[in-house]
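# Report on the structure
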Amino acid sequence: MKKLSTYVLGITLLGSLSLSIQCKGGEKKSNATAEKGATTAPVSIQKSAYGTTPEGEKVEHYLLKNNAGMEVGIITYGGRITSLSVPDNKGTSANVVLNFESLEGYLNENPYFGALIGRYGNRIAKAQFELDGNAYTLAGNDGENNLHGGLKGFDRVVWEVAASEAGEVATLKLRYLSKDMEEGYPGNLNVLVTYTLDNDNNLSVDYEATTDKNTVINLTQHAYFNLSGDFSKTILDHELQLAADAYLPVNAVLIPTGEIENVEGTPFDFRTAKLMGKDINAEDDQIQKGLGYDHCWVLNDQDQGLREVARVHHPASGRVLTVTTDEPGIQFYTGNFLDGTLPTTQGGNYGHRSGFCLETQHYPDSPNQKDFPSVTLRPGEKYNSKTVFSFLTQ
Ligand code: GLA
């Protein structure tokens, strides 16, 4: 019964999402150049040297361009998205992901700017878990918890990359072999992440992995967006809609308590579009624990696979980002730990809440929470997950 009502509500929400996309006057999927150029201007990929890690590994930069005015920069270090330019509703392009000037910024301490995250996105309580009766101990890199894979997660390794411009899409295939017990996780894990840019301003991220021992896995992407393209501004004026009737309350160190709470009547209700800033300072225990939003939402229609789950609209620029995924959860994080110490590429520093993340994923701490959807990957199985970031204007 509960499932049925969730299902109907989800359909209604997504129905209203697509309805608003079709009805609102100036909204369009791609700009005029795109429509004209679709058959003539092909996608392109430019490769260039980006620097060298302290261990002497060469890092490359790939610039993917489509014919709708979208450009995405990706480096082989951490598979990080280092730029993502999209037009506003007047056709003016700007980079909308928080980034650094050069490799040094990414090598230095930073909160996962643009990075691929693994083996386990989000937190594992007390940096330990048990699988098949074996206890595993990970690095405590977030107080006593394990965060985003540990001290040297997938955000800090150099990926092997193959680029191809086939037909209407530009594709980057990033491979990494995470060795048995790397960062304390069991199994040799073979990971393939594919970034694909098409001419409709969709950037897809496809994750695949196989293992030779039972292990846990939860891969995600940690881009920080600010659709204004002006990093001196906060993201509080962005409107967010989430197809989620519930979220996961957390304890004082941001580990889910295990409860699944309905968003109704809470600051976590984004079922209809709402400014990110509207309830972010509410007198609410969960908001206080997160220092704002830093929670995993339980997405609707989990049995439906790939579906649109989030939509962000920045009214001043008209830019819209939608997120489509087959994952059950999404961590909405409002850059609460950005504290004005890291330099922007625009001559200032990244201030509090100058970027937001929408990290599609399984729930945090799943290896220790038996009632959460499983994150176990076994030999012979294939881990598959897909997220699409789409850009349009309104
Ligand atoms: C995730 C976490 C946040 C924070 C950022 C990086 O989004 O949920 O608490 O750690 O990564 O700073």
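Presented here is a report on the structure given in the accompanying data block. (Residues numbered from 1 in each chain as written. Predicted model: local features only at pLDDT ≥ 70, side-chain atom pairs only at ≥ 80, totals over all residues. Heavy atoms only, no water.)

## Description of the packing of aromatic side chains
Threshold: Stacked, tilted and edge-to-face pairs are distinguished by plane angle, under 30 degrees for stacked and over 60 for edge-to-face with tilted covering the rest, among Phe, Tyr and Trp rings (Trp via its six-membered ring) whose centres lie within 6.5 Å. Helix and strand labels come from DSSP, where a helix needs a run of H or I of at least four residues and a strand needs a run of E of at least two; each type is numbered from the N terminus. Classification of residues uses two cut-offs on accessible area relative to the type maximum, computed with a 1.4 Å probe and protein chains only: under 20% is buried, over 50% is exposed, and between them is partly exposed.
Enumeration over the complete set of coordinates arrives at 27 aromatic pairs. With 5.6 Å between their ring centres and 50° between their planes, Phe225 and Phe389 make a pair best called tilted. Here Phe225 is found in the loop between strand E16 (220–221) and strand E17 (239–242), whereas its partner Phe389 is found in strand E27 (residues 383–393), with 164 residues between them in sequence. For the pair formed by Phe225 and Phe389, the shared burial category is buried. One aromatic cluster is present, built from ring pairs that chain together Phe100, Tyr106, Phe113, Tyr224, Phe231, Tyr333, Phe337 and Tyr350.

## Focus on the sheet that holds strand E19 (residues 261–262)
Heads up, the rule is: Strands are labelled as partners when DSSP assigns at least two bridges between them.
Strand order in the open sheet formed by 5 strands is E19-E18-E21-E24-E25, with antiparallel pairing between adjacent strands. Each of the sheet's edge strands pairs with one partner strand only, and the pair in question is E19 and strand E25 (357–361). Here strand E24 (residues 329–333) runs beside E25; their pairing, made up of 5 bridges, is antiparallel. When the bridges of E25 are listed, Gln331 appears paired with Glu359.

## Observations concerning the sheet that holds strand E1 (residues 44–52)
The following threshold applies: Axis definition: a line fitted to C-alpha atoms, over the contacting stretch in the case of helices. Angles run 0 to 180 degrees between N-to-C directions.
Taken in spatial order, the 5 strands of this open sheet run E1-E2-E3-E4-E5, and their pairing is antiparallel. Two strands close off the open sheet at either side, each with one partner strand: E1 and strand E5 (93–95). Pairs of neighbouring strands in the sheet enclose a mean axial angle of 15°, with direction left out of account. The pairing of E1 with strand E2 (residues 58–65) spans 8 bridges and is classified as antiparallel. Residue pairing in the sheet places Ser48 in a bridge with His61 of E2.

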